[in-house]
Structure formats: structure tokens, C-alpha cells
Amino acid sequence: MDTKLSMSFLAEPNDANFSGNVHGGKVMKWIDEVGYALAVKYSKRYCVTKFVDDIEFLKPIEIGDLVKLDAEIIKFGNSSLRIKIDVFSIDLIKGKSKKNCECFIVFVALDKNGKKVNIKHPKKKDN
Ligand SMILES: CC(C)(COP(=O)(O)OP(=O)(O)OC[C@H]1O[C@@H](n2cnc3c(N)ncnc32)[C@H](O)[C@@H]1OP(=O)(O)O)[C@@H](O)C(=O)NCCC(=O)NCCS
């Protein structure tokens, strides 16, 4: 079952805020993207963001660091998936890794008319 997904890329200069570290809004965008990709991959449906909670920015991400987002489905609803996302950054020169952010995000699967639709869970017997 595809219940986990990771995404990695470099923090680029145009990701910076006024202090020179990665902008919090960028991190939120990446969180939404990795969550979306996992929700769609699992449900095989188009999904929308319904709810975001407990987002915590723990440490800043520096430009040039390798950013890694780990997403995992932690609750399997009827039309919804609750996903935990952890964000890490790695200083490639120093070889040091730190956890930057964590949050929870709920996606809802939609049908072609934009209405919520039940997800076919691979391991559920009642599907
Ligand atoms: C997604 C949408 C179609 C859902 O419609 P709805 O009929 O009002 O949905 P419901 O209130 O029944 O909730 C749908 C699911 O989300 C869950 N949910 C709703 N609010 C929630 C919350 N605050 N926290 C956690 N889960 C929540 C419900 O429990 C339900 O899950 P289930 O089907 O697994 O039991 C509608 O709210 C919508 O279009 N929202 C806008 C989405 C959007 O534009 N996102 C940003 C861009 S992607």
C-alpha cells in the first residue's frame, strides 16, 4: 500500500524571506504539495486540502540545504485522509540534518463533479 511519500530538492535563493532563510509560506506550499501527491497516489482520485493543523516551525531552513519532506497517511477516512508531514533539511557540506517543521493535513477525495467521494481502501474488506 502506498501510504508514504517523500520529496527532496534544494532550497533555492528565490525561496528566501527577508532574513535570508526559507520563507514559511514556501514550506507550507511544499507541505501541501507532498500531501496532495500522497493523497492522490493512494486514493487514485483528485484531492483537495480540507484542513491543516498543528503546524510548527521548529528550525529555519537555510538556502542551499537539501530539503526533504516525509508524508505518511495516519488516518483512513471515508472520503478523507489525515496525513502527517515532517520537514527536514540537510547541510550538504557539514553533513548535518535537522528537523524544521511538522504538521497534519487532511485531504478529501473528489469525483469528477467536485463532490466528495469514498476512497477504495486496498485493505478494507467492505469495498
Ligand atoms: C472538500 C469539500 C468538497 C468537502 O465537502 P463537505 O461535504 O462539506 O465535506 P464534509 O464536511 O462532509 O467533510 C469531508 C471529509 O472531511 C473530513 N473533515 C471535514 N472537516 C474536517 C476537519 N476540520 N478536520 C478533519 N477532517 C475534517 C470529514 O470528517 C469528512 O471525512 P470522511 O468522509 O472521511 O468521514 C468542500 O469542503 C470543499 O470543496 N472545500 C474546499 C477545498 C479547497 O478549495 N481546498 C483548497 C484548494 S485545494
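Just above, that's the structure.
What comes next is a walk through the structure. This one's a predicted model, so the numbers in the text were calculated from it and none came from an experiment. (Residues numbered from 1 in each chain as written. Predicted model: local features only at pLDDT ≥ 70, side-chain atom pairs only at ≥ 80, totals over all residues. Heavy atoms only, no water.)

**What about the overall build of the chain?**
The number of helices and strands found in the chain is one helix and five strands. In the chain, the succession of α and β elements from N to C terminus is β-α-β-β-β-β. The buried share of the chain, reckoned over its 127 residues, is 35%. Long-range contacts, defined here as pairs at least 24 residues apart, represent 67% of the contacts in the chain between residues at least 6 apart. Entry remark: accessible area of the chain is about 7,800 Å², with carbon and sulfur atoms responsible for 53%. When the 23 positive and 17 negative side-chain charges of the chain are each reduced to one mean point, those points stand 8 Å apart. (Helix = DSSP H or I, 4+ residues; strand = E, 2+ residues; numbered from the N terminus. Buried < 20%, exposed > 50% of the residue type's maximum accessible area, 1.4 Å probe, protein only. Contact = heavy atoms within 4.5 Å. Areas by Shrake-Rupley, 256 points an atom, 1.4 Å probe, with all protein chains shown as cover. Lys, Arg positive; Asp, Glu negative; His and termini not counted. Charge placed at Lys NZ, Arg CZ, Asp CG, Glu CD.)

**Examining the pattern of salt bridges**
Per the counting criterion, the structure on display carries 10 salt bridges. Taking the shortest distance from any N to any O, the salt bridge between aspartate 15 and lysine 26 comes out at 3.3 Å. Of this pair, aspartate 15 sits in the loop between strand S1 (4–10) and helix H1 (24–43) while lysine 26 sits in helix H1; the two residues are 11 residues apart in sequence, bridging distant segments of the chain. Among the salt bridges present, the one from lysine 98 reaches glutamate 62, with a minimum N-O distance of 3.3 Å. One end of the pair, lysine 98, is in strand S5 (residues 96–110); the other, glutamate 62, is in the loop between strand S2 (46–57) and strand S3 (66–76), with 36 residues separating them in the sequence. Connected through salt bridges with shared partners, the residues Lys84, Asp86, Lys99 and Glu102 form a single ionic network. (Salt bridge = Lys/Arg side-chain N within 4 Å of Asp/Glu carboxyl O.)

**Re the packing of aromatic side chains**
Per the stated rule, a full pass over the model turns up three aromatic pairs. Ring geometry for tyrosine 36 and tyrosine 46: centres 6.0 Å apart, planes at 65 degrees, overall edge-to-face. Of this pair, tyrosine 36 sits in helix H1 while tyrosine 46 sits in strand S2; the two residues are 10 residues apart in sequence, bridging distant segments of the chain. Among the residues examined, tyrosine 36 registers a relative accessible area of 33% and is labelled partly exposed. Using a relative accessible area of 49% as the deciding quantity, one classes tyrosine 46 as partly exposed. On the numbers, 5.5 Å between centres and 55 degrees between planes, the contact of tyrosine 42 with phenylalanine 76 is tilted. Taken as a pair, tyrosine 42 in helix H1 and phenylalanine 76 in strand S3 lie far apart in primary sequence, 34 residues in all. (Phe/Tyr/Trp six-rings, centres within 6.5 Å; stacked < 30°, edge-to-face > 60°.)

**Things to note about the site of the ligand**
In the vicinity of the ligand, the residues found are Val48, Thr49, Lys50, Phe51, Gly77, Asn78, Ser79, Ser80, Val106, Val108, Leu110 and Lys116. At a separation of 2.9 Å, a nitrogen atom of the ligand approaches a polar backbone atom of threonine 49. Between the ligand and asparagine 78 there is a distance of 2.7 Å, counted from an oxygen atom to a backbone nitrogen or oxygen. Contact with the protein chains covers 51% of the free accessible surface of the ligand, which is 970 Å². Of all the secondary structure elements, the ones that give two or more residues to the shell around the ligand are S2 and S5. Among the elements that take part in the shell around the ligand, S2 stands out by supplying four residues, more than any other. Taken together, the residues of the shell around the ligand sort by class into five nonpolar, five polar and two charged. (Near = heavy atom within 4 Å. Polar contact = N/O pair within 3.5 Å; in protein donor to acceptor, adjacent residues only side chain to side chain. Nonpolar A, V, L, I, M, F, W, Y, C, P; charged D, E, K, R; others polar.)

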